[in-house]
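# Topology and contacts: notes
So you can see what is in the structure, the chains are spelled out below.
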Amino acid sequence: QVQLVESGGGLVQPGGSLTLSCAAPGSIFRLATMGWYRQAPGQKRESVATITSGGRIYYADSAKGRFTISRDSAKNAVYLQMNSLKPEDTAVYYCNADLGISGYWGQGTQVTVSS
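Residues numbered from 1 in each chain as written. Predicted model: local features only at pLDDT ≥ 70, side-chain atom pairs only at ≥ 80, totals over all residues. Heavy atoms only, no water.

Another point: the pattern of salt bridges. As enumerated under the stated definition, the model contains four salt bridges in all. Across the salt bridge formed by Lys-64 and Asp-61, the nearest N and O atoms sit 3.2 Å from each other. Accessibility expressed as a relative area gives 64% for Asp-61, which makes it exposed. Bridged by salt links that share partners, the residues Arg-38, Glu-46, Arg-66 and Asp-89 form one connected network. (Salt bridge = Lys/Arg side-chain N within 4 Å of Asp/Glu carboxyl O. Buried < 20%, exposed > 50% of the residue type's maximum accessible area, 1.4 Å probe, protein only.)

Turning next to the side chain of Arg-38. By the secondary structure assignment, Arg-38 is in strand E4 (residues 33-39). Here Glu-46 takes part through its side chain, which lies 2.9 Å from a polar atom of the side chain of Arg-38. If we skip the residues at most four places from it in the chain, Arg-38 touches Lys-44, Arg-45, Glu-46, Val-48, Ser-62, Phe-67, Glu-88, Asp-89, Ala-91, Val-92 and Tyr-93. (Helix = DSSP H or I, 4+ residues; strand = E, 2+ residues; numbered from the N terminus. Polar contact = N/O pair within 3.5 Å; in protein donor to acceptor, adjacent residues only side chain to side chain. Contact = heavy atoms within 4.5 Å.)

Turning next to the sheet that holds strand E8 (residues 77-82). Strand pairing in a sheet is mediated by backbone hydrogen bonds. Such pairs are either parallel or antiparallel. Ordered by their spatial adjacency, four strands build an open sheet running E1-E3-E8-E7, and the pairing between neighbours is antiparallel. Unpaired on one side and paired on the other, strand E1 (5-7) and strand E7 (67-72) mark the two borders of the sheet. Put simply, the sheet's adjacent strands are angled 15 degrees from each other on average, direction ignored. When E1 meets strand E3 (residues 18-23), the two strands line up antiparallel, connected through three bridges. (Pairing = 2+ DSSP bridges. Axes fitted to C-alpha atoms, helices over the stretch in contact; angles between N-to-C directions.)

Coordinates in, geometry out; function isn't part of it.
Encoded structure:
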């Protein structure tokens, strides 16, 4: 079975920080573009940030300057450091591994930004 496992979600106040982690099977992680996506109630799932196996990074406009995506080959993990969080960041965050011809998803972790 292929399973991506996210962790790090929770409740944080506006302006606070949170770091999400995602562990992937090594055979997938080595070649995959890894990414973080989110889905808020009533909205479609959207890309937040992605990082290729070669280290090329993409950020959604909403994430630029606030979020940082990184990957650790030794741990087969991808991270999303989120700073200056806003209520509109509230969503279920999903980890994704994209191999081009196939893709894999985690089950999601809830991030709630509220006072």
